[in-house]
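Spelled out from the first residue to the last, the chains are:
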Amino acid sequence: MDGNRWATIAGFAGALLVLSVLVWVVGVDRTLAALLMADPGALAVVVGIAAVWLTSWGLALWAVLRALGSEVPAHTAILVYAAAVFSNNVTPFGQAGGEPLSALLIASAADSEYETGLAAIASVDTVHFVPSVGYAIVGFTFVAAGAVRLGRNLVFAAVAVAVLAVGLPVAAYMGWRYRYELEAAVVNLFTPLVKLFGRMVPRRSPPTAAVIETRIESFFAAIDRIATDRETLLQTLGFSALGWACLAASLWTSLYAVGHTVPVATVLLVVPVGSIASMVPLPGGSGAIETVLVTLLVSTVPPLSGPAAASAVLIHRGATYLLPTLVGAGVASALGADRVAASAGE
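How each quantity is defined
- Residues numbered from 1 in each chain as written.
- Predicted model: local features only at pLDDT ≥ 70, side-chain atom pairs only at ≥ 80, totals over all residues.
- Heavy atoms only, no water.
- Core = buried A, V, L, I, M, F, W, Y, C linked by side-chain atoms within 4.5 Å.
- Buried < 20%, exposed > 50% of the residue type's maximum accessible area, 1.4 Å probe, protein only.
- Helix = DSSP H or I, 4+ residues; strand = E, 2+ residues; numbered from the N terminus.
- Contact = heavy atoms within 4.5 Å.
- Salt bridge = Lys/Arg side-chain N within 4 Å of Asp/Glu carboxyl O.
- Phe/Tyr/Trp six-rings, centres within 6.5 Å; stacked < 30°, edge-to-face > 60°.

S.K.: Describe the nonpolar core, listing the residues and the values that go with them.
M.R.: Membership of the largest hydrophobic core comes to 70 residues, with the highest contact counts inside it found for Leu-61, Tyr-81, Leu-251, Leu-255 and Leu-297. Ranked by residues supplied to this core, first place goes to helix 3 (residues 40-67) with 13 residues. Setting aside residues up to four positions removed in sequence, Tyr-81 forms contacts with Leu-54, Trp-57, Gly-58, Leu-61, Ile-121, Val-124, Asp-125 and His-128. Among the nonpolar cores identified, the runner-up in size contains six residues, and Ala-83, Phe-86, Val-331 and Ala-332 belong to it.

S.K.: For the environment of Phe-12, give the residues involved together with the corresponding values.
M.R.: Residue position: Phe-12 is located in helix 1 (residues 2-26). Note on Phe-12: relative accessible area 30%, which makes it partly exposed. Considered as a pair, Phe-12 and Gly-284 are 272 residues apart in the sequence and their alpha carbons are 9.5 Å apart.

S.K.: How would you explain the pattern of salt bridges if you had to name every residue and give the values?
M.R.: Taken as a whole and judged by the stated rule, the model has one salt bridge. Note that Arg-317 is salt-bridged to Glu-290, the shortest N-O span being 2.8 Å. Taken together, the residues Arg-317 in helix 13 (residues 306-345) and Glu-290 in helix 12 (residues 288-300) connect sequence positions 27 residues apart. What makes Arg-317 buried here is its relative accessible area of 12%.

S.K.: So what's going on with the packing of aromatic side chains? Which residues, and what values?
M.R.: Going through the model one piece at a time under the given rule, you end up with four aromatic pairs. With centroids separated by 5.3 Å and ring planes inclined at 70°, the aromatic side chains of Trp-57 and Trp-244 adopt a geometry described as edge-to-face. Placement of the pair is Trp-57 in helix 3 and Trp-244 in helix 10 (residues 230-257), with a sequence separation of 187 residues. Both residues of the pair, Trp-57 and Trp-244, count as buried. Relative to Tyr-256, the ring of Trp-252 has its centre 5.8 Å away and its plane inclined at 5°; by these criteria the two rings are stacked. Here the residue Trp-252 and the residue Tyr-256 both occupy positions in helix 10, the gap between them amounting to four residues, near one helical turn. Its relative accessible area of 44% is what places Tyr-256 among the partly exposed residues. Put simply, the rings of Trp-53, Trp-57, Tyr-81 and Trp-244 pair up and form one aromatic cluster.

Here it is, written out as structure tokens:
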């Protein structure tokens, strides 16, 4: 626990350092001046848009849980998703680092097996890639059409969009085509690791190979159930697409709040590309995401200055990072307390 605590503190210290360097490079005084002059009404709208975004993606989780037989109320799924976002925001590597904890929170709230919670959050996160690629392609098409020449940062954006557009379908097809072989490989890989970890946990006997295999098969069965449910996929894609539209609208409104109106195509491009930076080893990608967003905004909108872009990005990230983190922390704390109480009663 102490190691995890210090790792978290070190991660946030790194994120603050990156943000500080970003603001220092673009200009501290001018960035603060732009923030202080932001339109209060527009700031309130940004917060409202962030709430709609969180609600949309929470409903995506709700749709997936229903398909898995976990009938939880929509408002519960939204709060649980906020807790999942909180876990992503405080662990390195974003979703990749926070998914194990997210799965535990979902399983606790839905009163389901851990594998079901892991399959649910993994499915939602995977579905989120599809609308993001679509928005990025549309945004890049219009931005590139209006550009005199493709600068270095736009070339980076083009490569990122191409990798997502080509790599995602290929990875999805290969994963589905060889899903049974993948399942067998996961069982062979994780069985000795889980048994070793089980021996290290006090007062717990290590699980048998049969139990581990059954649980892993349960996870893959849940993924298979979601992938073959067309209605659930369409609902989840719809909620996901609405959420991405809200994220783009949040950044656009943040720019408007500091006195700049940019083409919609710009935010449709930079928001999905910026989300790729969440894979860096910083809590929720903080610092890296802001840097990518500012860099792309300045590159795609020549009249936009660095301080104006930085101030808008800080407003956007303040709403879409802090809101789910604060709400999710409370939900995660409550779910954790309930789980401890349940364990004590067993």
